[in-house]
Amino acid sequence: MTDLDKHQLMANAIRFLSIDAVQKANSGHPGLPMGAADIATVLFTRFMKFDPTRPDWPDRDRFVLSAGHGSMLLYASLYLLGYPDIDIDEIKNFRQLGAKTAGHPEYGHAAGIETTTGPLGQGIANAVGMAMAERKLNTEYGNDIVNHRTWCLAGDGCLMEGISQEAISLAGHLKLNKLTLFWDNNNISIDGPISLSDSTDQIARFEASGWNTMSVDGHNPEAIAAAIEKAEQSEAPTLIACKTLIGFGSPNKAGTSSAHGAPLGNTEIALTRKALNWDAEPFEIPSKILDFWRLAGLRSKAERKKWDARLGELDTDTKYEFERRIRGDLPKRFDKAIHAYKKTLVVEMPTLATRKASQAALEIVNGALEETIGGSADLTGSNNTNTSQTEVITPEDFSGRFVHYGIREHAMAAAMNGMALHGGLIPYSGGFLIFADYCRPSIRLAALMGLRVIHVMTHDSIGLGEDGPTHQPVEHLASLRAIPNLNVLRPADVTETAECWQIAIESRATPSVIALTRQNLAPLRDEYNKVNLCSRGAYQIAAAEDEPVVSLFASGSEVGLAMEAKALLDKEGFPTRVVSVPSFNLFEQQDEDYRAGIIGNTPVRIAIEAGIRQGWERYIGESGVFVGMSSFGASGPYKELYDHFGITANAVVEAARQKLAEIQPDDDSQD
């Protein structure tokens, strides 16, 4: 048997597992696995470094299937290589409820799935983040401990998505030479030929972005191997454009859109089996071919054992820190540092914009944790995400801890996901809250995957002032709160800001958005409390002096406004309590008794937030009063804007008076 014969048998194993699984599910995308099987076979059996018996080996290569619709390419490969989480029953249960083999690859379902992909282009940016993480940790721990590559397979659709340009230009700028992207250049999308919608010279585009590029026949294993060998020697990230035939082997559907996203059908499958000389029954892999794959899966086991030995030879402290960071554990010094900092705040009582309070808290966080890596989308001076510990990362020097992402919010968020997935780092970044829309798909995927990534989002309301409605978030808090498993944290002062940072850092399986003000806020908490009150989502920050008749609920900058309104209402004889609500989702996680106690049963409930009402009904009820925004903002000094839109202490007092009058009519009206 020649090497080419052996390769073709192994590649056809991917093809027919994919064909059979899609047919049985009556759903899926057979075309990409059939077309890219040669690429995967060469990569997985001859070049990639991994060990199915230790799938979490920190120094393994990473593979990202950005074109996640072709998920059976990955699942079939994992089964053939001997990854224990994917057995033949999982292949047979493709796309079924509860199966590890979901319609698109989902992180956490099975070892070997490095990220969740499906929204096209996200995987490219994830891979960029993984390569950044490898380069950063390599700088810290050296080649003996961290020295691996990141491989990504993307399709035409991935390259059309705007996030791809953000990602590849960042990777080219940073000279991420251990990153290789395979372009499955099959010239087909769902609607038909790519020429219907695009005529981009992708090779020129990547070259202009600082990449090394090559073009090969995607069905020639030796040409693919030669290109990979060159990529491994490159000083820049590499694009290998692989010209492939979608649905390779299908006599009537290969090269057409009909092979893209639907089962081939029994008749065409029979013809394809004949065309590729595949006699095995559905889901059966001849033992000889399976042995080829399983032996290839063990190719790096000896190298992994040598790595284990090198890790064991490290000094105790270095080995402990590396393993702690890879596990995602926090050192005890972090908790101590936060509590010490909170004690200083109640003594100093600084008045700061929460974006500045965030920078002060970050100084403590970054001092206690070496694994944090910050950045900003060209807004460093506004977001204040840099600290004394965060030297800038450059293409030549990755020893720093701060990334200038440029105006690339979408890729920034997705690259942070890649860093978190890689392990060993806790990424955070800065942007304006209004541009959460540019990050949203990546934030949603972080929540879906359960990743510890932290988005510092400043200029969180009309309080930013003169930049006007294009930059003033109105619906964004409500929009982000709608995403499951996302901490949306809006602190009211310096102490709450420190607590929100503690929450974000300690949330191992939940991403966080910390919404921060441009304008200064007075301190509200004047007593140290060992308990992180913000972690309850909502808490009573000011009690009524007598049996309360009014409850004021607010977040962020409007908590101070609520405190002003409370003072006025108390003076008028209406005992009022104030509840700070830094996080809806954390409050919803509390037990029923706690939630009932915080919401209370006062006859009047008023919510105050410089955003839209949506979501506040759960605290104030449909009959409650909302003081906030019901339109877009305007350009002007922020104090004038608050007056213009009626978000003032006096407006709250007047609303409370009116509501109380409705509930408690005076004696004359009853005569």
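These lines cover the structure that appears in this document, whether it is placed above or below. Keep in mind that this is a model prediction, so the values were computed, not measured. (Residues numbered from 1 in each chain as written. Predicted model: local features only at pLDDT ≥ 70, side-chain atom pairs only at ≥ 80, totals over all residues. Heavy atoms only, no water.)

1. Some details on empty space enclosed by the protein
Right, on to step 1. For the structure shown, the criterion picks out two cavities of 30 Å³ or more.
Right, on to step 2. In this structure, the largest cavity encloses a volume near 130 Å³.
Right, on to step 3. Looking at the largest cavity, it is lined by 13 residues, and the ones nearest its centre are Met-48, Phe-63, Leu-78, Tyr-83 and Gly-112.
Right, on to step 4. If you tally residues by element for the lining of the largest cavity, the top one is helix α3 (residues 71–81), at four residues. (1 Å grid on protein atoms, 1.4 Å probe; cavity = no way out; pocket = protein on both sides within 12 Å on 5 of 7 lines; lining within 4 Å. Points joined across faces, edges and corners; volume = space filled by probe spheres on them. Helix = DSSP H or I, 4+ residues; strand = E, 2+ residues; numbered from the N terminus.)

2. Some remarks on the packing of aromatic side chains
Right, on to step 1. In the structure shown here, the tally under the stated rule is 19 aromatic pairs.
Right, on to step 2. Taking the centre distance of 6.1 Å and the plane angle of 15 degrees together, the rings of Phe-432 and Phe-435 count as stacked.
Right, on to step 3. A residue is classified by how much of its surface remains accessible, and Phe-432, at 8% relative accessible area, is buried.
Right, on to step 4. The interplanar angle of 85 degrees and the centroid separation of 5.0 Å between the aromatic rings of Phe-584 and Tyr-619 together place this pair among those described as edge-to-face. Within this pair, whereas Phe-584 is found in helix α22 (residues 584–588), its partner Tyr-619 is found in helix α24 (residues 617–620), the two being separated by 35 residues in sequence. Across this residue pair, the class does not change: Phe-584 and Tyr-619 are buried.
Right, on to step 5. Taken together, the aromatic side chains of Phe-553, Phe-584, Phe-587, Tyr-594, Trp-616 and Tyr-619 make up a single cluster linked through ring pairs.
Right, on to step 6. The side chain of Arg-481 reaches across the aromatic face of Phe-584, ending 3.8 Å from its centre. (Phe/Tyr/Trp six-rings, centres within 6.5 Å; stacked < 30°, edge-to-face > 60°. Buried < 20%, exposed > 50% of the residue type's maximum accessible area, 1.4 Å probe, protein only. Lys NZ or Arg CZ within 6 Å of the ring centre and 35° of its normal.)

3. Side note on the packing of helix α1 (residues 3–25) against helix α2 (residues 31–47)
Right, on to step 1. Between α1 and α2, the least distance of the axes is 8 Å, while the angle of their chain directions is 130 degrees. Looking at the two axes, α1 sits oblique to α2. As for the relative orientation of α1 and α2, their crossing is right-handed in sense. Contacts between α1 and α2 involve His-7, Met-10, Ala-11, Ile-14, Arg-15, Ser-18 and Ile-19 on the former and, on the latter, Pro-33, Met-34, Ala-37, Asp-38, Ala-40, Thr-41, Val-42 and Thr-45.
Right, on to step 2. Among the residues making up the contact of α1 with α2, the classes are represented as nine nonpolar, four polar and two charged. (Axes fitted to C-alpha atoms, helices over the stretch in contact; angles between N-to-C directions. Parallel < 35°, antiparallel > 145°, perpendicular 65-115°, else oblique. Left-handed = near helix turned anticlockwise from the far one by under 90°. Contact = heavy atoms within 4.5 Å. Nonpolar A, V, L, I, M, F, W, Y, C, P; charged D, E, K, R; others polar.)

4. Focus on the layout of surface pockets
It is a probe the size of a water molecule, rolled over the atoms, that shows where empty space is left.
Right, on to step 1. In this model, the largest pocket occupies a volume close to 680 Å³.
Right, on to step 2. For the largest pocket, the lining is made up of 31 residues, of which Tyr-107, Ile-326, Ala-420, Leu-421 and Gly-423 are closest to its centre.
Right, on to step 3. Elements that contribute at least two residues to the lining of the largest pocket include exactly α13 (316–327) and α17 (409–422).
Right, on to step 4. Of the residues contributing to the lining of the largest pocket, the split by class is 14 nonpolar, seven polar and ten charged.
Right, on to step 5. Size it by volume and the second largest pocket reaches roughly 430 Å³.
Right, on to step 6. Only β15 (520–521), α21 (557–571), α25 (638–644) and α26 (649–663) provide two or more residues apiece to the lining of the second largest pocket.

5. Some words on the pattern of salt bridges
Right, on to step 1. Scanning the entire structure with this criterion turns up 32 salt bridges.
Right, on to step 2. With its nearest N and O atoms 3.1 Å apart, the salt bridge here joins Glu-222 to Arg-46. Note that Glu-222 is positioned in helix α9 (residues 221–231) and Arg-46 in helix α2, a separation of 176 residues in sequence.
Right, on to step 3. On the accessibility criterion, Glu-222 (46% relative accessible area) is partly exposed.
Right, on to step 4. The class for Arg-46 is partly exposed, based on a relative accessible area of 37%.
Right, on to step 5. As a salt-bridge pair, Asp-308 and Arg-54 come within 3.2 Å of each other at their nearest N and O atoms. Here the residue Asp-308 occupies a position in helix α12 (residues 301–312), and Arg-54 occupies one in the loop between α2 and β1 (62–65), the gap between them amounting to 254 residues. (Salt bridge = Lys/Arg side-chain N within 4 Å of Asp/Glu carboxyl O.)

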